[in-house]
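Structural description and commentary
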Amino acid sequence: DGMGVYVTRNSDTYLHGMMELSYNTCYGNGINGLGFHRTHRGTIKQNLIYNNGVVPRLDKPEVVEEDWQKFLGKSRQPFSGITINNAKSVNLCNNRVAARYDDDFAYRQVTDN
C-alpha cells in the first residue's frame, strides 16, 4: 500500500545544501508515485510517474476486485502522482505524471496549516 520513491524528514537533519530526486520511473505503487515529505530545498526533475494509486478509493468501485481489496476499511487520499508535503523551496521541472482517476491529483502540495 506504499509509495514509490519517498524522501522524508530531512529538514531537521541538515541546514545547508539541497536534495535532488531525479530520473526515476514510478509505477504500480499503492498510493503516490513520488513523495517529498518534510524535506526543504529540493529539486524534483525528469521523473516518469504513472499507474500509481493501486489501492482503490472507496468512492471508485473496481471493475474487477482482487482478494486483498475486499477487506479495505478505508480509502486512500485522492493523490496518485507527485506529493510535496510540508516542504519549502522545492523546484519541479520536466516531470511526466499521470493520475489514476480523473479527479486524482497528479501534483499535490500539502501543508499542516
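Up top is the structure.
Since we're looking at a predicted model, the values are computed, not measured. (Residues numbered from 1 in each chain as written. Predicted model: local features only at pLDDT ≥ 70, side-chain atom pairs only at ≥ 80, totals over all residues. Heavy atoms only, no water.)

**Some remarks on the sheet that holds strand β6 (residues 48-49)**
For clarity, the threshold we go by: DSSP bridges decide pairing: two strands pair if at least two such bridges lie between them. In DSSP terms, a helix is any run of H or I states spanning at least four residues, a strand is any run of E spanning at least two, and both are numbered starting from the N terminus.
Within the open sheet, the 3 strands sit side by side as β3-β6-β9. Their pairing is parallel. With one partner strand each, in any of the chains shown, β3 (25-26) and β9 (96-97) form the two edges of the open sheet. Here β6 runs beside β9; their pairing, made up of 2 bridges, is parallel. Across the sheet, the residue bridging to I49 is V97, located in β9.

**Some remarks on the sheet that holds strand β5 (residues 42-45)**
Rule in force here: Every axis corresponds to a line fitted to the C-alpha atoms, with the helix fit spanning only the stretch in contact, and the corresponding angles, defined between N-to-C directions, vary from 0 to 180 degrees.
Spatial strand order, β2-β5-β8: 3 strands in an open sheet with parallel pairing. Across the chains shown, the open sheet's two edge strands, defined by having one partner strand only, are β2 (19-22) and β8 (90-93). Strand after strand, the sheet turns through a mean of 10° between neighbouring axes, direction not considered. As paired elements, β2 and β5 share 4 bridges and run parallel to each other. Along β5, the bridge assignment pairs E20 with T43.

**Considerations on the packing of aromatic side chains**
Definition in use: Two aromatic rings from Phe, Tyr or Trp, using only the six-membered ring of Trp, form a pair when their centres are within 6.5 Å; if the ring planes differ by under 30 degrees the pair is stacked, by over 60 it is edge-to-face, and anything between is tilted. Three labels apply to residues, based on accessible area from a 1.4 Å probe with only protein chains included: buried if under 20% of the type maximum, exposed if over 50%, partly exposed otherwise in between.
Within the structure shown, the criterion is met by 2 aromatic pairs. Between Y27 and Y50, the aromatic rings sit 5.5 Å apart at their centres with planes inclined by 15°, giving stacked as the arrangement. Of this pair, Y27 sits in the loop between β3 and β4 (34-37) while Y50 sits in the loop between β6 and β7 (79-85), and the two are 23 residues apart along the sequence. On the basis of relative accessible area, Y27 is assigned to the exposed category, the value being 52%. Judged by centre distance (5.9 Å) and plane angle (65°), the rings of F79 and F105 are edge-to-face.

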